[in-house]
Amino acid sequence: MNKNLAKILAFGTGFVSLGIEILWTRVLSFTQGQTPQIFATVLTLFLIGIVIGSYWGKKMTLCADPLAIRQQASTALFCSALLDVCTPWMWAQVVTYESSLALPLAAIMITLSAATKATLFPVVHHLGTSSNSTGLGRSLSTVYGLNILGSTLGATWIGFVALELTGTATWFFILGLSTFFLAWLFLPSAQNKFERLLPAGFILLFLILLKPLSNFNEKFWAILATGGAPEKINFLTENKTGVIHTVRENIGSDIIYGGNVYDGRLNTDLLINSNRIDRVAILAGLHAAPKKVLVIGLSGGAWVEIIRYFPSVESIDVVEIQPAYLDLISSTPIVKGLLTDPRVKIHIDDGRRWIKKNRDQNFDLIVMNTTFHWRAYITNLLSQEFLSILHKRMRPNAILAFNSTGSPDVLKTAQSVFTHALRYENFVYAADWNFSQTESAKRFNLQQFLDRVIPEESPKKSALFLKLSHPSWISVEEEERLAGRPLEIITEKNLITEYKYGRGS
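Residues numbered from 1 in each chain as written. Predicted model: local features only at pLDDT ≥ 70, side-chain atom pairs only at ≥ 80, totals over all residues. Heavy atoms only, no water.

Please explain the packing of aromatic side chains as it appears in this structure.
Two aromatic rings are characterised by how far apart their centres lie and by the angle between their planes. In the structure shown here, the tally under the stated rule is 20 aromatic pairs. Consider the rings of Trp-24 and Trp-91, whose centres lie 5.4 Å apart with planes at 90°: the pair is edge-to-face. Pair noted here: Trp-24 is in helix α1 (residues 3-31) and Trp-91 is in helix α3 (residues 66-97), with a separation of 67 residues, a long-range link. One exposure class covers both Trp-24 and Trp-91, and it is buried. Ring geometry for Phe-121 and Tyr-144: centres 6.0 Å apart, planes at 45°, overall tilted. Placement of Phe-121 in helix α5 (residues 120-128) and of Tyr-144 in helix α6 (residues 133-165) is noted, with a sequence separation of 23 residues between them. Since its relative accessible area comes to 46%, Tyr-144 is described here as partly exposed. Taken together, the ring pairs in this structure connect Trp-303, Tyr-424, Phe-427, Tyr-429, Trp-433, Phe-435 and Trp-473 into an aromatic cluster. Across the ring face of Tyr-501, the terminal group of Arg-485 is positioned such that the distance to the ring centre comes to 3.7 Å. The ring of Trp-374 has Arg-503 lying over it, and the distance from NZ or CZ to the ring centre is 4.3 Å. (Phe/Tyr/Trp six-rings, centres within 6.5 Å; stacked < 30°, edge-to-face > 60°. Helix = DSSP H or I, 4+ residues; strand = E, 2+ residues; numbered from the N terminus. Buried < 20%, exposed > 50% of the residue type's maximum accessible area, 1.4 Å probe, protein only. Lys NZ or Arg CZ within 6 Å of the ring centre and 35° of its normal.)

Below you can see the structure in the form of structure tokens.
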């Protein structure tokens, strides 16, 4: 076999295999709530597939006829290509009609996809490396190195570039067609008419189906999000950062989902309070005159919209990693005003990275409406280490407020960094001064804020003022009693909210 062909095939199968793995990780993370175990599960299944495929490939090399070996390996690649091309459609059907089979089917499909491609690797080594003992090591390492290079570029391309160009369903199709092409290259000959016309067929199929598949991307995610009822979706978009969508509910405010996990509501009415926005409104009565505010996590913008009405606020820096939320906000009348407010500066970046880059910035309020404590990578925002970083960015008498999302260890962790830490509802408030004391200046500030957002007087407004000016605080000691176990400090080494006390634990 031509050595250059062996190199192309080694590189190509690595590129396609790792690209498919990244796509499967995204799909399963979406359907399973982005728990940290998903990546490990996909990687395990992928490696099992490689073991099986390599064993099949080894068996093929025992055949004395090199043409027969290539024919068998090409057949395996054709099967792999067919599986990858059909994956989005098959997955959507299973989620719609028999969701209990989704995870077992995913395990089978991931393993088979990896195995059928991995058959090529030992075959390429067998047929494409030098028979000369002096050149054997060099040719083996070249083929192996190109496979590793292809794997690295495949994962990088799909993860950082490709998903900005078009969606996951389309890339399953494109990578599947690429595998078809590799299978055709590996055919021992192209003597009959069918084999000669295969490349033209690939190109024609690509041109025919690319546009419908691009349109299918949104439908694909909508089906996964709703279990087969895509008409419930009001807004949906995908990019390299992830998938966000909204669903209309009967109470009149859209529910926002980031990666198919609840991420708030498009509501700014404190009397309706469907997104429990009183947890940020209470800050107007805890800090008498906050001027500079940092918000980590924009989502649908409701929290920033409320902070804009704090009487003393002069600037609001917002850090959000998902740029698609700006499209959602710009299409939502109740929050789109924040995009034109000169006091609001939105930074598309990772919150932790932005904080480290802007060491000269200090704030009176820092607000993080963080995601659920059991999601992957949430330790980056809940850990003692990160709270210590935020602590250094706080002015005298500043307050940090962030979502514990039901983890009692979050309050314990905050207490390990700050002198005072209390919980109101499921939010933790932390500072180096006793912000829980009720003072006339704070009550006046709170009343001014409420008059801005709720101009009309009503019993509900009076009740809200009373609730926010005299909140029911939960101390660390009470939190530990409610938890029924000793509380622990979250660190970047123990990852307890993701694993030890993760989802379902």
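When you look at the layout of surface pockets in this model, what are you seeing that I'm missing?
Over the atoms a probe the size of a water molecule is rolled, and this reveals where empty space is left. When its volume is computed, the second largest pocket comes out at roughly 310 Å³. Mapped onto the lining of the second largest pocket, the elements with two or more residues apiece are α1, α2 (37-61), α4 (102-118) and α6. The residue inventory of the lining of the second largest pocket, partitioned by class, reads 10 nonpolar, 6 polar and 2 charged. (1 Å grid on protein atoms, 1.4 Å probe; cavity = no way out; pocket = protein on both sides within 12 Å on 5 of 7 lines; lining within 4 Å. Points joined across faces, edges and corners; volume = space filled by probe spheres on them. Nonpolar A, V, L, I, M, F, W, Y, C, P; charged D, E, K, R; others polar.)

Explanation requested: empty space enclosed by the protein in the structure shown.
A complete count under the given rule lists 1 cavity of 30 Å³ or more for this structure. Its boundaries defined by the atoms lining it, the largest cavity holds a volume of some 40 Å³. Along its surface, the largest cavity is lined by Ser-17, Ile-20, Glu-21, Trp-24, Phe-46, Ile-110, Ser-113, Ala-114 and Lys-117. Elements with a minimum of two residues in the lining of the largest cavity: α1 and α4. Split into classes, the residues belonging to the lining of the largest cavity amount to 5 nonpolar, 2 polar and 2 charged.

Where do I start with the sheet that holds strand β4 (residues 261-265) in this structure?
Hydrogen bonds along the backbone pair up the strands of a sheet, which may run parallel or antiparallel. Strand order in this open sheet of 4 strands is β1-β2-β3-β4, and the pairing throughout is antiparallel. The open sheet has two free edges, formed respectively by β1 (233-239) and β4, since each of these has just one partner strand. Geometrically, the sheet is characterised by an average inter-axis angle of 20° between neighbouring strands, direction not taken into account. In this structure, strand β3 (residues 255-258) lies alongside β4, joined through 3 bridges in antiparallel fashion. Bridge assignment links Gly-258 to a residue of β4, and that residue is Val-261. (Pairing = 2+ DSSP bridges. Axes fitted to C-alpha atoms, helices over the stretch in contact; angles between N-to-C directions.)

Honestly, the pairing of β3 in this entry has me stumped. Any pointers?
Two faces belong to every sheet, and in a regular strand the side chains alternate between them. Two elements, strand β2 (residues 242-247) and β3, share 4 bridges in a ladder whose sense is antiparallel. Bridging from a neighbouring strand, Val-247 pairs with Ile-255 of β3. Between β3 and β4, which pair antiparallel one after the other, the connecting turn spans 2 residues, and Gly-259 there sits at a positive phi close to 65°.

It is not clear to me how the sheet that holds strand β11 (residues 427-431) should be interpreted in this structure. Could you clarify?
Taken in spatial order, the 7 strands of this open sheet run β7-β6-β5-β8-β9-β11-β10, and their pairing is mixed. Among the strands making up the open sheet, the edge pair consists of β7 (344-348) and β10 (420-424). Strand-to-strand twist across the sheet, computed as the mean angle between neighbouring axes with direction ignored, equals 15°. Two strands pair when backbone bridges link them, and strand β8 (residues 363-368) and strand β9 (residues 394-403) are joined in this way by 5 bridges, in the parallel orientation. Paired with Ile-366 across the strands is Leu-400, a residue of β9.

Help me out: how do you make sense of the packing of α1 against α4 in this one?
A packed helix pair is summarised by two numbers, namely the angle formed by the two axes and the spacing between the axes. Axis separation between α1 and α4 bottoms out at 10 Å; the angle between their running directions is 170°. When the axes of α1 and α4 are compared, the pair comes out roughly antiparallel. Contacts between α1 and α4 involve Thr-13, Val-16, Ser-17, Ile-20, Trp-24 and Leu-28 from the first element and Leu-103, Ala-106, Met-109, Ile-110, Ser-113 and Lys-117 from the second. Looking at side-chain class alone, the contact of α1 with α4 contains 8 nonpolar, 3 polar and 1 charged residues. (Parallel < 35°, antiparallel > 145°, perpendicular 65-115°, else oblique. Contact = heavy atoms within 4.5 Å.)

Explanation requested: the environment of Gly-242 in the structure shown.
Among the structural elements, Gly-242 can be located in strand β2. Gly-242 sits in the buried class, given a relative accessible area of 12%. Taking the C-alpha atoms as reference, Gly-242 lies 8.0 Å from Arg-26; in sequence the two are 216 residues apart.

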